[in-house]
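# Geometric and topological summary
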Amino acid sequence: VHLIDNTDAMKKIFTISLFFATIASYSQTFVSTTPENKNVVLEEFTGISCTYCPDGHRIANDIYNNNPSDVVLINIHTGSYASPQGPGTDFNTIFGSAIASQSNLGGYPAGTVNRRVFAGLGQSVGTAMSRSNWQSASSQILNEPSYVNVAAQASLDIITRQLSVTVEAYYTGSSPVSTNKINVALMQNNVEGPQTGGSQFNAAQILPNGNYNHQHMLRHMLTGQWGDIISNISPGTTYSNSYTWNIPNQITGYPLSPVVDPVNLAVVAFVSEGQQEILSGTEL
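We now turn to the structure provided with this report. Small disclaimer: the values here were computed from a predicted structure and weren't measured. (Residues numbered from 1 in each chain as written. Predicted model: local features only at pLDDT ≥ 70, side-chain atom pairs only at ≥ 80, totals over all residues. Heavy atoms only, no water.)

### With respect to unusual backbone geometry
Each neighbour pair has its own omega, and for Tyr 108 with Pro 109 the value is -5°, a cis peptide bond. Locating Pro 109 in the fold gives a position in the loop between α3 (96-103) and β4 (110-113). Backbone geometry at Asn 114 places phi at a positive 55°, although glycine is not the residue there. Along the chain, Asn 114 falls in the loop between β4 and α4 (134-142). A relative accessible area of 0% means that Asn 114 is categorised as buried. (Helix = DSSP H or I, 4+ residues; strand = E, 2+ residues; numbered from the N terminus. Buried < 20%, exposed > 50% of the residue type's maximum accessible area, 1.4 Å probe, protein only.)

Here it is as C-alpha cells:
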C-alpha cells in the first residue's frame, strides 16, 4: 500500500488558517470597547503606466511602516494609466472609477486620507491630494479621537475558495450624523506585473525578472460600492455583520486580470459617514 504524505499540504492549510482567524476563534464580541484615536485609510489612485506612481507607493508604505497598526492602504488602479498591457495586467475593478471620481483628482498619483477635504492640501476642490501631502494629512487623522472602533475576523476554506468575514463596530461616543456605513474591501498583495517608473522610484519592489511586485491592490468590495448602512450608532452599541465571497480565479468582467490568489488576500474594514469621511478602519 502506498501511503501519501499530506504533511506539506496540511502545513499550508494550517498557515492559511492562522493568516485568517479561524471561525472557531470567533468570540461573541471581539471589537475593542476602549476609546481610540482614528486609523488612517489611505486610498491611492494609481496605474501601471504612471511614472511617478511607484513613488506614491513608497511614500504610502513609509506612512504605514511608521504606524503599522493604525494605517490601512488601498491601491486603486483606475483611469487611463491603468489600461492593461496584456494578459494578467488589468488591475481595474468595477469600483475604482467611482471612488476616484468623487475625489476630484487632478493628476496621478493621487490619494485620499479618510476621504476628507484637508484645507490647503488638495489637488483641487476635493479630497484628492498629491503624494507630498499624504503624510501631513495622515498625522492629523492619527491625532483625532474616533467615536467608533472597527474590527474584523475572517476565515478561508482553501479547498472551496470561500472567504467568510465578520466585522464589528463599537460606538464609544456620539455621532454628528444619524447613520454610518460599513465597508469591507479585499486587497491582493504580491501581484507581479509591469510598472513604469518602478526601478526609478521604488526599486525595492522590483523582482529579479524585472517585473514589479504590486501590493495593497483593490480586488473586491464585499459591501458593494459605498457600503452597508449601520442604523443604530448610539454610544455603547455594537454593530456586527458577516459576509462571504466565493473567490473567483479572475475578477469577473476583466479577462485580462491576474489570478486572484487567496493566500495573498487581505481584508480591510472601515466605517464612513455616507460615501465620504471615513472614521476609522482596520486590516487583517
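### Remarks on the pattern of salt bridges
Enumeration over the complete set of coordinates arrives at seven salt bridges. Across the pair Asp 55 and Arg 58 runs a salt bridge whose closest N-O atoms are separated by 2.8 Å. Placement of the pair is Asp 55 and Arg 58 together in helix α2 (residues 53-66), with a separation of three residues, close to one helical turn. Residue classification places Arg 58 among the partly exposed positions, given a relative accessible area of 32%. Residues Arg 131 and Asp 55 are paired through a salt bridge, measuring 2.8 Å at the closest nitrogen-oxygen approach. With Arg 131 in the loop between β4 and α4 and Asp 55 in helix α2, this residue pair connects regions lying 76 residues apart in the sequence. (Salt bridge = Lys/Arg side-chain N within 4 Å of Asp/Glu carboxyl O.)

### Section: the nonpolar core
Grouped together as the largest cluster of nonpolar side chains are 29 residues, with contacts concentrated most on Leu 163, Val 165, Val 167, Tyr 171, Ile 182, Trp 245 and Val 271. Of all the elements in the fold, those that place two or more residues in this core are β6 (148-157), β7 (162-171), β8 (180-188), β13 (238-246) and β14 (265-273). Counting 19 residues, the second-largest nonpolar core is a separate cluster that includes Val 41, Val 72, Ile 76 and Leu 218. (Core = buried A, V, L, I, M, F, W, Y, C linked by side-chain atoms within 4.5 Å.)

### Focus on the sheet that holds β13
Sheet strands pair via backbone hydrogen bonds, and the direction of the pair is either parallel or antiparallel. With respect to topology, three strands assemble into an open sheet ordered β6-β7-β13, the strand pairing being antiparallel. Of all the strands in the sheet, the pair left with one neighbour each is β6 and β13. Geometrically, the sheet is characterised by an average inter-axis angle of 15° between neighbouring strands, direction not taken into account. (Pairing = 2+ DSSP bridges. Axes fitted to C-alpha atoms, helices over the stretch in contact; angles between N-to-C directions.)

### Considerations on the packing of α2 against α4
Where α2 meets α4, the axes come as close as 10 Å, and the angle between the chain directions of the two elements is 25°. By the criterion of interaxial angle, the relationship of α2 to α4 is roughly parallel. In the packing of α2 onto α4, the handedness of the crossing is right-handed. Contacts between α2 and α4 involve Gly 56, Ile 59, Ala 60 and Ile 63 from the first element and Trp 134, Gln 135 and Ser 138 from the second. For the contact of α2 with α4, the class distribution of residues is four nonpolar, three polar and no charged. (Parallel < 35°, antiparallel > 145°, perpendicular 65-115°, else oblique. Left-handed = near helix turned anticlockwise from the far one by under 90°. Contact = heavy atoms within 4.5 Å. Nonpolar A, V, L, I, M, F, W, Y, C, P; charged D, E, K, R; others polar.)

### Points about the pairing of β4
Of the two faces of β4, the one holding Ala 110 and Thr 112 and the one holding Gly 111 and Val 113 are both buried throughout. In this structure, strand β2 (residues 40-46) lies alongside β4, joined through four bridges in antiparallel fashion. For Phe 45, the partnering residue across the bridge sits in β4 and is Ala 110.

### With respect to the environment of Pro 35
Structurally, the position occupied by Pro 35 is in the loop between α1 (7-19) and β1 (36-37). Pro 35 gets classed as exposed once you look at its relative accessible area, which sits at 61%.

### Description of the state of the cysteines
Tallied over the entire structure, the rule returns one disulfide. Two residues, Cys 50 and Cys 53, share a disulfide whose sulfurs are 2.3 Å apart. Where Cys 50 bonds to Cys 53 through sulfur, the torsion about that S-S bond is close to 90°, and the disulfide is right-handed. (Disulfide = S-S within 2.5 Å.)

### Things to note about α3
Listed in full, the buried residues belonging to α3 are Gly 96, Ile 99, Ala 100, Gln 102 and Ser 103. The buried residues of α3 occupy one face: seen down the axis, they fall within an arc of 165°. Among the structural elements, β2, β3 (71-77), β4 and β15 (276-283) are those in contact with the buried residues of α3. (Arc of directions from axis to C-beta.)

### So, empty space enclosed by the protein
Applying the stated rule across the entire model yields one cavity of 30 Å³ or more. Elements that contribute at least two residues to the lining of the largest cavity include exactly α2, β3 and β10 (212-214). By residue number, the principal contributor to the lining of the largest cavity is α2, which donates three residues. For the lining of the largest cavity, the per-class residue count stands at three nonpolar, eight polar and one charged. (1 Å grid on protein atoms, 1.4 Å probe; cavity = no way out; pocket = protein on both sides within 12 Å on 5 of 7 lines; lining within 4 Å. Points joined across faces, edges and corners; volume = space filled by probe spheres on them.)

### Quick look at the side chain of Gln 195
Among the structural elements, Gln 195 can be located in the loop between β9 (191-193) and α5 (198-201). Overall, Gln 195 belongs to the buried group, its relative accessible area being 11%. At 3.2 Å, the side chain of Gln 195 forms a polar contact with the backbone oxygen of Cys 50. (Polar contact = N/O pair within 3.5 Å; in protein donor to acceptor, adjacent residues only side chain to side chain.)

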